[in-house]
Amino acid sequence: MHFAPAEQARRFLADNPDIELIELFILDANGVPRGKLLHRDELLAVYESGRPLPSTILGLTLNGDDVENSGLVWDVGDIDCRAYPLDASLVRLPWRRVPTAALQVSMHPTEGLPASVADPRHVLLRVIEALKADGYHPVMACELEFYLLDQKRNAHGHPQPALDNDGGRPRSTQVYGLRELEQIEPFLADLYAACKAQGIPARTAISEYAPGQVEITLEHGDALLAMDQAVRYKRLVKGVAHAHGMQACFMAKPFDHLAGTGMHMHLSLADADGNNLFASTDPAGTPLLRQAVGGMLQHLRESLLLFCPNANSYRRFQANSYAPLAPTWGVDNRTVSLRVPGGPAASRHVEHRICGADANPYLAAAAILAASHAGIRQQLDPGAPVQGNGYAQATEHLPTDWLTTLDALERSAWAREMLGEAFVGVYLKVKRAEYRQFMAEVSEQDWRWYLHQA
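Now for a quick tour of the structure.

Basis of the calculations
- Residues numbered from 1 in each chain as written.
- Predicted model: local features only at pLDDT ≥ 70, side-chain atom pairs only at ≥ 80, totals over all residues.
- Heavy atoms only, no water.
- Helix = DSSP H or I, 4+ residues; strand = E, 2+ residues; numbered from the N terminus.
- Rg over C-alpha atoms; globule rule 2.2 N^0.38 Å.
- Buried < 20%, exposed > 50% of the residue type's maximum accessible area, 1.4 Å probe, protein only.
- Contact = heavy atoms within 4.5 Å.
- Axes fitted to C-alpha atoms, helices over the stretch in contact; angles between N-to-C directions.
- Parallel < 35°, antiparallel > 145°, perpendicular 65-115°, else oblique.
- Left-handed = near helix turned anticlockwise from the far one by under 90°.
- Nonpolar A, V, L, I, M, F, W, Y, C, P; charged D, E, K, R; others polar.
- Pairing = 2+ DSSP bridges.
- Salt bridge = Lys/Arg side-chain N within 4 Å of Asp/Glu carboxyl O.
- Phe/Tyr/Trp six-rings, centres within 6.5 Å; stacked < 30°, edge-to-face > 60°.

**Some words on the overall build of the protein chain**
Each helix and strand in the protein chain was counted, giving 14 helices and 15 strands. For 454 residues, the compact-globule estimate of 2.2 N^0.38 gives 22 Å, and the C-alpha radius of gyration of the protein chain, at 21 Å, lies within 12% of that figure. In terms of overall dimensions, the protein chain has a C-alpha envelope of 60 × 55 × 50 Å along the principal axes. Across the 454 residues that make up the protein chain, the buried fraction comes to 60%. Taking all contacts inside the protein chain whose residues are at least 6 apart in sequence as the whole, residues at least 24 apart take part in 72%.

**Let's talk about the packing of helix α3 (residues 120-133) against helix α9 (residues 361-378)**
A pair of packed helices can be characterised by two numbers: the angle between their axes and the separation between those axes. Between α3 and α9, the shortest axis-to-axis distance is 8 Å and the interhelical angle comes to 25 degrees. Considered as vectors, α3 and α9 are oriented roughly parallel to each other. When the axes of α3 and α9 are compared, the crossing they make is left-handed. Contact with α3, carried on its side by P120, R121, V123, L124, V127, I128, A130 and L131, involves Y362, L363, A365, A366, L369, A370 and H373 of α9 and no other residues of that element. Looking at the contact of α3 with α9 residue by residue, the class counts come to 13 nonpolar, 1 polar and 1 charged.

**Digging into the pairing of strand β9 (residues 213-218)**
Counted residue by residue, β9 has 6 buried out of 6 residues, so it is predominantly covered. Residues Q213, E215 and T217 line one face of β9 and the alternating positions V214, I216 and L218 line the opposite face, and both faces are buried. Relative to β9, strand β7 (residues 137-150) runs antiparallel, the two being bridged by 5 bridges. Within β9, the position partnered with F146 by the bridge is V214. Pairing analysis gives 4 bridges linking strand β8 (residues 202-207) to β9, with the strands arranged antiparallel. Following the sheet pairing, A205 is matched in β9 by I216.

**Focus on the environment of N63**
Mapped onto the elements of the fold, N63 is located in the loop between β3 (51-54) and β4 (80-85). In the structure, N63 is positioned 33 residues away from N30 in sequence and 10.0 Å away in space, judged by C-alpha atoms.

**Things to note about the pattern of salt bridges**
Throughout the structure, instances matching the rule amount to 23 salt bridges. Between E48 and R10 there is a salt bridge, with the nearest N and O atoms lying 3.4 Å from each other. Within this pair, whereas E48 is found in helix α2 (residues 43-49), its partner R10 is found in helix α1 (residues 6-15), the two being separated by 38 residues in sequence. When its relative accessible area of 41% is taken as the criterion, R10 is described as partly exposed. As a salt-bridge pair, R179 and D166 come within 2.7 Å of each other at their nearest N and O atoms. Here R179 is found in helix α4 (residues 178-183), whereas its partner D166 is found in the loop between β7 and α4, with 13 residues between them in sequence. The exposure class of R179 is partly exposed, given its relative accessible area of 42%.

**Here's the deal with the packing of aromatic side chains**
Under the criterion given, the structure shown has 8 aromatic pairs. Ring geometry for W402 against F438: centres 6.0 Å apart, planes inclined by 80 degrees, an arrangement best described as edge-to-face. Taken together, the residues span a long stretch of sequence, with W402 in helix α11 (residues 402-411) and F438 in helix α13 (residues 421-441) at a distance of 36 residues. For W402, a relative accessible area of 3% gives the class buried. In this structure an aromatic cluster arises from ring pairing among F146, F187 and F250.

This is the structure in structure tokens:
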């Protein structure tokens, strides 16, 4: 693993003499950024000798509680584990009142033990390295949907869409509505400016399938870099929204009667020269593409917890909702789980439509790529693509409860081999602790806890 050189910090400090604070963060298994707020004078030492973080930081529940049987708490005395900066991750946070920068770190493979085994970025890196060893260079992109909500609840204490620029409140779906984008222009302007400042390739914005729901696409590229960008983009969206008096919500299903919120993952494989190995004049892609689809379908059930990590995630699975319902694939068809979009032959790829926006991008990408790799190695046939209404043709459905997917991952020898025995062990302990907490404490009325974390 390569970490950033100290010269990046020196250059950043020289170019940004007004920066006072550094928000140092690492992403935990739930996709929650956790860390510390450092003074400017502390930055250089992080690059030169790392920053000690407690082992428990990568074994916390969504609510921030220790998971005592994770092996990262009392057994190791909550030992300090060293994390180092990621390349090009030191960026300004333009929305902060006090001049502040952000710095993403990851655990050192050895100096970060025992916590490094639970670092989700390491999981993705191992999967990518295995693909590259066989000559496949993964290219990915994220499409993250989110709701823009008012920071104030309605008269019933429920979340509501944020006010438009004209003082009104969105009430109708208005998918692809241009006026809806115009009404949030101040937010979008600051969001695009912040993306530019942080080097995040934000592209097309659309009004999504519910009042106050938005999607902005990110440009495709190297899979690891693309997921780094997705992680920082999600943090950025929340920060800019907060500065505008709004809350950006990435919860998978915050409203029973409105569309869920997904994270579509786009995937192709390139050779060492960057040529798309899925490229084909056949709309269904090359045999390699179809083998990757076969692998994703075969390992879908045992991967599902990584795509849908919370109790709320499964409420998104509904027919005729543009969310997935069954282990299906198709060509230019939005009623299936794995879609091969149309377009020029050179752009042929797979759109994985299963993840909720609450998924950890690193873990979701790792599971997608590992399953694709398995399909290629075994030359799996995905069967004929679904034509027409995939909802009406579904003969088997994805699990719609959290416990089933917890059990599926626990029983999966494939997941333990591909994602790492130690990681899967810690991750399952965290998620089972959350499941117990949810069953004991979280009622239908207590949605605020999940809404806050999403």
